[in-house]
Amino acid sequence: MERAAELLRRSRPTAVNLAWAVDRMMRVFASCAAPNPSAIAARLDEEACAIHAEDIAGNRRMGAFGAELLPDEATVLTHCNAGALATGATERLSA
């Protein structure tokens, strides 16, 4: 697991949210007392789903706050990967 985690971290060294999520998953893995691989996999899947849901909720909140600052006809130019492409959302996040 440690080798896989390190490979993921190195795949995108500037992606802070990736490193953070890998570290969170590794803490969950370390806390698994059951030697049963199926139980460990289920716990890791549960945590990954929680991270995904938290990410979408945070994106929606951030979008709502930002939307209050922009007029309806505004055009926004983003830098690097921003929004759903850089996060866990697979659907368009509308306000």
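Before reading further, recall that the structure is shown in the block above.
Description of the structure in this document.

About the criteria used
- Residues numbered from 1 in each chain as written.
- Predicted model: local features only at pLDDT ≥ 70, side-chain atom pairs only at ≥ 80, totals over all residues.
- Heavy atoms only, no water.
- Core = buried A, V, L, I, M, F, W, Y, C linked by side-chain atoms within 4.5 Å.
- Buried < 20%, exposed > 50% of the residue type's maximum accessible area, 1.4 Å probe, protein only.
- Helix = DSSP H or I, 4+ residues; strand = E, 2+ residues; numbered from the N terminus.
- Contact = heavy atoms within 4.5 Å.
- Axes fitted to C-alpha atoms, helices over the stretch in contact; angles between N-to-C directions.
- Left-handed = near helix turned anticlockwise from the far one by under 90°.
- Nonpolar A, V, L, I, M, F, W, Y, C, P; charged D, E, K, R; others polar.
- Expected span 1.5 Å × (residues − 1).

**What to know about the nonpolar core**
Next, step 1: Ala21, Met25, Val28, Ile40, Leu44 and Ile51 together form the largest nonpolar core, which totals six residues.
Next, step 2: Taken together, the elements giving at least two residues each to this core come down to helix 2 (16-31) and helix 3 (37-67).
Next, step 3: The residues contacting Leu44, other than those within four sequence positions of it, are Met1, Met25, Val28 and Phe29.

**Some details on the packing of helix 2 against helix 3**
A pair of packed helices can be characterised by two numbers: the angle between their axes and the separation between those axes.
Next, step 1: Viewed as axis vectors pointing N to C, helix 2 and helix 3 meet at an angle of 145 degrees, and their least axial separation amounts to 10 Å. For the element pair helix 2 and helix 3, the recorded crossing hand is right-handed. Contact residues: helix 2 offers Trp20, Ala21, Arg24, Met25, Val28 and Phe29, while helix 3 offers Ile40, Arg43, Leu44, Glu47, Ala48, Ala50, Ile51 and Glu54.
Next, step 2: When the residues that make up the contact of helix 2 with helix 3 are grouped by side-chain class, the tally is ten nonpolar, no polar and four charged.

**A closer look at helix 2**
Next, step 1: Relative to the 22 Å expected for 16 residues at 1.5 Å per residue, helix 2 spans 23 Å between its end C-alpha atoms, a close match to the ideal helical length.
Next, step 2: For helix 2, the set of buried residues is Ala21, Val22, Arg24, Met25, Met26 and Val28.
Next, step 3: Contacts from the buried residues of helix 2 go to helix 1 (2-11) and helix 3.

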